[in-house]
Amino acid sequence: MAVLDTASATGVLPAGAGALSPGRLAARRFLRHRLAVAGLVMLALFTAAAIIAPVVIGIDPNQVTPTAVRRPPGAEHLLGTDSAGRDVLARLFIGGRISLLVGLSAALVSTSIGLALGAVAGYFGRWVDGFISRIADVVLAFPSLIVIIVVAAFVGPSLPTLILSIGLFSWPTPFRIVRGLTMSLRGQDSLVAVGGLGAGPTRILRKHVVPVVVAPLTVVATLGVAQAILLEATVSFLGLGVPPPTASWGNMLNEAQSLTILESMPWLWLPPGIAIALTVLAVNFVGDGLRDAADPRQAR
Amino acid sequence: MTSAPMFRVDRLVTEFRVDGGIVPAVNGVSFDVYPGETVGIVGESGSGKTVTVMSALGLLPASGRVVAGHAYLDDRDLVALSERELQSVRGKDVGLVFQDPMTALNPVMTIGTQVAEGLRRHNQGMTRKAAADRAVELLAEVGIPNPRQRARQYPHEFSGGMRQRAMIAIAMANRPRLIIADEPTTALDVTIQAQILDLLRRVQQETGAALVMITHDLGVIAEMTQRVIVMYAGRIVETADVDTTFHHARHPYTRGLLQSLPRLYQPVDELPAIGGQPPNPQRLPSGCAYRPRCPLSRDREECHTRPELTTAAPGHQTACHFHTELAEVRV
Amino acid sequence: MSSEPLLRVDGLVKHFPIRGGILQRQRGTVQAVNGVSFTVAAGQTLALVGESGCGKSTVGRTIMRFHPPTAGRVIFDGRDLATMRARALRGVRRDLQYVFQDPYASLPARMPVGDIVAEPLAIHGIGNRASRQHRVRELFELVGLASEALSRYPHEFSGGQRQRVGIARALALQPKLLILDEPVSALDVSIQAQVVNLLARLQRELGVAYLFIAHDLAIVRHLAHQVAVMYLGHIVEYGAADTVFTRPAHPYTQALLSAVPVPDPRLRDPNRRRLLTGDVPNPANPPSGCPFRTRCWKADDRCEAEPPVLQVRTPAGAETACHYAQEDPVVQPAGALQ
């Protein structure tokens, strides 16, 4: 039973040398988290590879070669070719571009909506909150996968449709977080003080709520990226996501629908599968690190 | 006090591990407590007053460590004991009263159960019923009305003053010979504080226990204690009996503190305040830690060496190179 | 001489509903403030003292319109704040400011202190960036902070320094009245004196009035011209600080003053103290008649039936709310520290 906590025991805070913004302190805490740094490095590598590699390799990922269908990995095609004779490695890199793009954009959409609605609902409360929260509950109640599929089937699968539908179904999670944080912030002295100085809701939300909320929100956002990537993979796997001939890790996995391929041609589905798993893992590690960085137990 | 001290802290050193490195919290503290006496330890944040006692009793948080020194209860060195052995000391030989009962009391157990548990843990043969009955008696002894009903209530159903009384009941349940009270009334209203201090005095008189009062409130020190230990930056800077401390202090910090107190019945135009900021434990000044704020030092050469505790008079020790200069100046 | 005081509070009432159950129905009310009236003159300090639950903080927060009053008037500079609309209130905010108790929680953690102090100026559109910076430097100097500190963040400062930042921020708009809610309770003893001196000096130099809410009577004695003692949402004694402290007439004031531990062992006098029994009643369920009667040694049937009115009853001139008010002069024993 420790009745003493370190802050009260050591009394005065260690004064930083120079202006140490809370941002810089958080960055230091993040860098101390080894897995998070590893994840960040991995993501950086993947992103760099996804952007640069296709150009460097010089192979057209959409080049159909009917003569070289389903070739196993060899000298000419390092990871073999797929059912349409396209180079798997090139498609892997392009697919990375697409999957990461979808993941990031969809997360951006859902986080932005969640931030805006959450701040407003949390700050104004009462019927505004009631109204928005009910909408969020309704959205949450939908089986998002099925709806996304239905939408894709109706409107026709395309990249923007995919990004928007994933984004529009994922905003309740960041919304809840932002709303909760805003509500607890509302009672805090620092916010009451600014209201007492004569600040209106716009200023308070812009300068005092959003900056504070952004930190924990980043954590949710990174998890949203992971979730979006997985959703995209699922939908594309079912053939209703990223439309061919554009490659995405998900629609590369589409190949795995055939039992033969699954059993005897691992180079067609293992690379995208592993890529997805590693990316999601890396994103989750980064999310963990961000959570630790944003939650200082000792600094006050 | 001719008998031997029952509690002896000997050159205790404690430090904490934090984000930026090591924070020294207690830098070589030694003092004695004799049976039946009331000793006050006074200091501000960062003085190390609470950490000293918590170190002795094994109640430091995970980031804290006793690096050197001893804390003898009679002949046993508490610092060397295991957690298990310490548990048999706490609540039996030493009773503890903390500042915030809400963190020290278990919120999901009734008050009666908590008192009874303290009894049964240290009295092997006691039956549940006997412990429950004794618990009610104890609650009555500390002045809680309707003790039998109250024993069945939870801490959150008690007011602050009542909770503190319950804490005292738990602390004294096994008639410890030493009661340590860490800021026991700081969180309480002044009228309730008066009640609780009165209770502590009574408990001490009835049980003959020694009482160590840790506080920042010099008023409480003046009221309750016979001897005073003044701490600053993890060290003892002065120790004397209470009258000497208040009227013949020989350390500039003690003097400064006393002078800066606003007095209820002597309003002045400007309070002679101590300048500067409390010391940062991680960046203590070289030499005497009080040097940057000390009006006596005038940055003289000697103050760049750390002053040791020297005897100014029998029973009066101070850690100041120029304490003799203070002897002439009236408080 | 101006006849109308800067602030006049008249019959202020603030009740908080207690909600419970699934439908959040109102189950009762916490009667935090029950008809409180007082005035603050320009450039003077009125201290509102009392223990926890007496409602003093609520009075401060209600005057600032952090929440709307249940009833009563708050006339500040001739205008009633109690019924003012939000837009008009914004204008008033320039003249009426607030300093919080907790120096750790009341400053936004992510802004450098220079920006924090400049914020009120920015909110009210005063000056441009350069002139605001200049004003911030002035304010820093006024409260005794180094100008190098402008770009630092709150967490790099000690409690006392943060409190100075809070005070600087409150003074930015040159308010006429500052409400200070326990501004020094969270600080170390040696720093309290510094901040108290600062507040006294600022009042002398700037002529700003204070509504000083505190529980530490010694500090109040040092700063206040007038004192109002509160208990369970009512003012029980109200008058000049000197009078109330040296010749208290309400039993609660007497108990309160006698309970303060005096920092001088030679003045230890167990007989001096009036120990109150029991606890403060629940503000959701206050006693009938006089709120103090459950703990008062003078209480009788009249106290239960008839709530005493706050009025002058004793020669010294302070107002008391007690049927049996009687001055109890505090005698200074010889040998006290000077």
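Residues numbered from 1 in each chain as written. Chains lettered and ligands numbered in written order. Predicted model: local features only at pLDDT ≥ 70, side-chain atom pairs only at ≥ 80, totals over all residues.

**Q** Which parts of the structure should I look at to understand the overall build of chain C?
**A** Each helix and strand in chain C was counted, giving 10 helices and 12 strands. Relative to the globule expectation of 20 Å for 338 residues, the C-alpha radius of gyration of chain C, 21 Å, shows essentially globular dimensions. Oriented by its inertia axes, the alpha-carbon framework of chain C measures out at about 65 × 60 × 50 Å. In chain C, the share of contacts with a sequence separation of at least 24, taken over all contacts with a separation of at least 6, comes to 65%. (Helix = DSSP H or I, 4+ residues; strand = E, 2+ residues; numbered from the N terminus. Rg over C-alpha atoms; globule rule 2.2 N^0.38 Å. Contact = placed C-beta atoms within 7 Å.)

**Q** Help me understand the overall build of chain B, please; the structure alone is not making it clear to me.
**A** Helix and strand counts for chain B stand at 12 helices and 12 strands. What you see for chain B is a C-alpha radius of gyration of 21 Å, in line with the 20 Å of a compact globule of 331 residues. Projecting the C-alpha coordinates of chain B onto the three principal axes gives extents of approximately 65 × 45 × 45 Å. Here chain B holds 331 residues, and the buried ones make up 52% of them. Taking the contacts inside chain B whose residues are at least 6 apart along the sequence as the reference set, 65% of them involve residues at least 24 apart. (Buried ≥ 20, exposed ≤ 12 C-beta atoms within 10 Å, placed from the backbone.)

**Q** Where do I start with the interface of chain B and chain C in this structure?
**A** Where interface size is given, it is often the accessible area lost as the parts come together that is meant. Contact with chain B, which involves 39 residues of that partner, is made by 37 residues of chain C. Those elements giving two or more residues to the side of chain B that touches chain C turn out to be helix 7 (160-172), helix 8 (190-207), helix 9 (218-224), helix 10 (242-247) and helix 11 (252-260) of chain B.

**Q** I tried to follow the nonpolar core on my own but got confused; where do I start?
**A** The tendency in soluble globular proteins is for nonpolar side chains to be buried as a group. If you look at the biggest cluster of nonpolar residues, it comprises 269 residues, and the most contacted ones within it are Val212 of chain B together with Phe212 and Val229 of chain C. Here the element with the most residues in this core is helix 10 (residues 201-237) of chain A; it accounts for 17 residues. Residue assignment places this core across two domains, with domain 1 (7-225) and domain 2 (232-328) of chain B each supplying three or more. When sequence neighbours within four positions are dropped, the list of residues in contact with Phe212 of chain C reads Thr45, Leu46, Ala47, Leu180, Val220, Leu223 and Ala224 of chain C. (Core = buried A, V, L, I, M, F, W, Y, C linked by C-beta atoms within 7 Å. Domains from an automatic or database assignment.)

**Q** Help me out: how do you make sense of the sheet that holds strand 10 (residues 235-241) of chain B in this one?
**A** All names here are of chain B. If you trace the eight strands from one edge of the open sheet to the other, you get 6-7-8-3-9-10-12-11, paired in mixed fashion. Strands at the two margins of the open sheet, each flanked by one partner only, are strand 6 (94-97) and strand 11 (310-313). The mean inter-strand angle of the sheet, taken between neighbouring strand axes irrespective of direction, is 20°. Pairing analysis gives five bridges linking strand 7 (residues 178-182) to strand 8 (residues 210-215), with the strands arranged parallel. Residue pairing in the sheet places Ile179 in a bridge with Leu211 of strand 8. Contacts from helix 7 reach strand 6 and strand 7, with the element oriented near 170° to strand 6. (Pairing = 2+ DSSP bridges. Axes fitted to C-alpha atoms, helices over the stretch in contact; angles between N-to-C directions.)

**Q** Help me understand the domain arrangement of chain B in this model?
**A** Residue and element names in this part refer to chain B. Domain assignment breaks chain B into domain 1 (7-225) and domain 2 (232-328). Inter-centroid distance (C-alpha atoms) of domain 1 to domain 2 is 28 Å. Across the boundary between the two partners, domain 1 contributes 20 residues, which contact 15 residues of domain 2. Only strand 2 (21-33) and helix 9 provide two or more residues apiece to the side of domain 1 that touches domain 2. Among the elements that line the side of domain 1 that touches domain 2, the one with the most residues is strand 2, at nine residues. Residue composition of the side of domain 1 that touches domain 2, by class: nine nonpolar, 10 polar and one charged. (Nonpolar A, V, L, I, M, F, W, Y, C, P; charged D, E, K, R; others polar.)

**Q** How should I be thinking about the environment of Arg203 of chain A in this particular structure?
**A** Its location among the elements puts Arg203 of chain A in helix 10. The spacing of Arg203 of chain A and Val138 of chain A is 65 residues in sequence and 31 Å in space, taken between C-alpha atoms.

**Q** Can you help me understand the confidence of the model for chain C in this one?
**A** For residues with low pLDDT, the predicted coordinates do not support detailed interpretation. In this model, chain C carries a mean pLDDT of 88, and residues with pLDDT of at least 70 account for 95%. In the model, residues 333-338 of chain C has pLDDT below 50 throughout and makes seven contacts with residues more than four positions away in sequence or in other chains. (pLDDT = per-residue confidence, 0-100.)

**Q** What is the right way to read the sheet that holds strand 4 (residues 64-73) of chain B from this model?
**A** Within a sheet, each strand pairs with its neighbour through backbone hydrogen bonds, oriented either parallel or antiparallel. Residues and elements named next belong to chain B. If you trace the four strands from one edge of the open sheet to the other, you get 2-1-4-5, paired in antiparallel fashion. The strands lining the two open edges of the sheet, one partner per strand, are strand 2 and strand 5 (76-77). Of the strand pairs in this sheet, strand 1 (residues 7-18) and strand 4 are connected by eight bridges, and their pairing is antiparallel. Bridge pairing in strand 4 links Glu15 to Arg65. Packing of helix 1 (residues 49-56) onto the sheet brings it into contact with strand 1, strand 2 and strand 4, and relative to strand 1 it is tilted by some 105°.

**Q** Which parts of the structure should I look at to understand the packing of helix 10 of chain A against helix 13 (residues 266-294) of chain A?
**A** Relative orientation and spacing of two packed helices are given, respectively, by the angle between their axes and the distance between those axes. Residue and element names in this part refer to chain A. Close contact between helix 10 and helix 13 brings their axes to 8 Å; oriented N to C, the two are set at 170°. Our classification of the angle between helix 10 and helix 13 gives roughly antiparallel. Each of Ala215, Pro216, Thr218, Val219, Thr222, Leu223, Val225, Ala226, Ile229, Leu230 and Ala233 in helix 10 lies in contact with helix 13, whose residues at this interface are Ile276, Thr279, Val280, Val283, Asn284, Val286, Gly287, Leu290, Arg291 and Ala294. Among the residues making up the contact of helix 10 with helix 13, the classes are represented as 15 nonpolar, five polar and one charged. (Parallel < 35°, antiparallel > 145°, perpendicular 65-115°, else oblique.)

**Q** Explain the environment of Glu206 of chain B to me, please; I cannot follow it from the model alone.
**A** All names here are of chain B. Looking at the secondary structure, you find Glu206 in helix 8. Classification of Glu206 by C-beta neighbours within 10 Å gives exposed; the count is 11. Once the C-alpha coordinates of Glu206 and Met6 are considered, the two residues, 200 residues apart in sequence, prove to be 18 Å apart.

**Q** Would you mind showing me how to read helix 5 (residues 126-141) of chain A here?
**A** The periodicity of an α-helix, 3.6 residues per turn, causes residues three or four positions apart to be oriented the same way. Over its 16 residues, helix 5 of chain A runs 22 Å from end to end, which matches the ideal 22 Å to within 8%, given 1.5 Å per residue. Burial within helix 5 of chain A is sparse, with just one of its 16 residues counted as buried. (Expected span 1.5 Å × (residues − 1).)

**Q** Sorry if this is basic, but what is going on with the packing of helix 7 (residues 159-170) of chain A against helix 10 of chain A here?
**A** All names here are of chain A. With their axes 11 Å apart at the nearest point, helix 7 and helix 10 run at an angle of 130° to one another. Taken together, the axes of helix 7 and helix 10 are oblique relative to one another. Considering the relative orientation of helix 7 and helix 10, their crossing is right-handed. Taken together, the residues of helix 10 that come into contact with helix 7 (itself represented by Leu162, Ile166 and Ser170) are Gly224, Gln227, Ala228, Leu231, Glu232 and Val235. (Left-handed = near helix turned anticlockwise from the far one by under 90°.)

**Q** Explain the pairing of strand 2 of chain B to me, please; I cannot follow it from the model alone.
**A** Consecutive residues of a regular strand have side chains that alternate between opposite faces of the sheet. Here strand 1 of chain B pairs with strand 2 of chain B via 10 bridges, running antiparallel. Opposite Thr14 of chain B, over in strand 2 of chain B, you have Val26 of chain B as the bridge partner.

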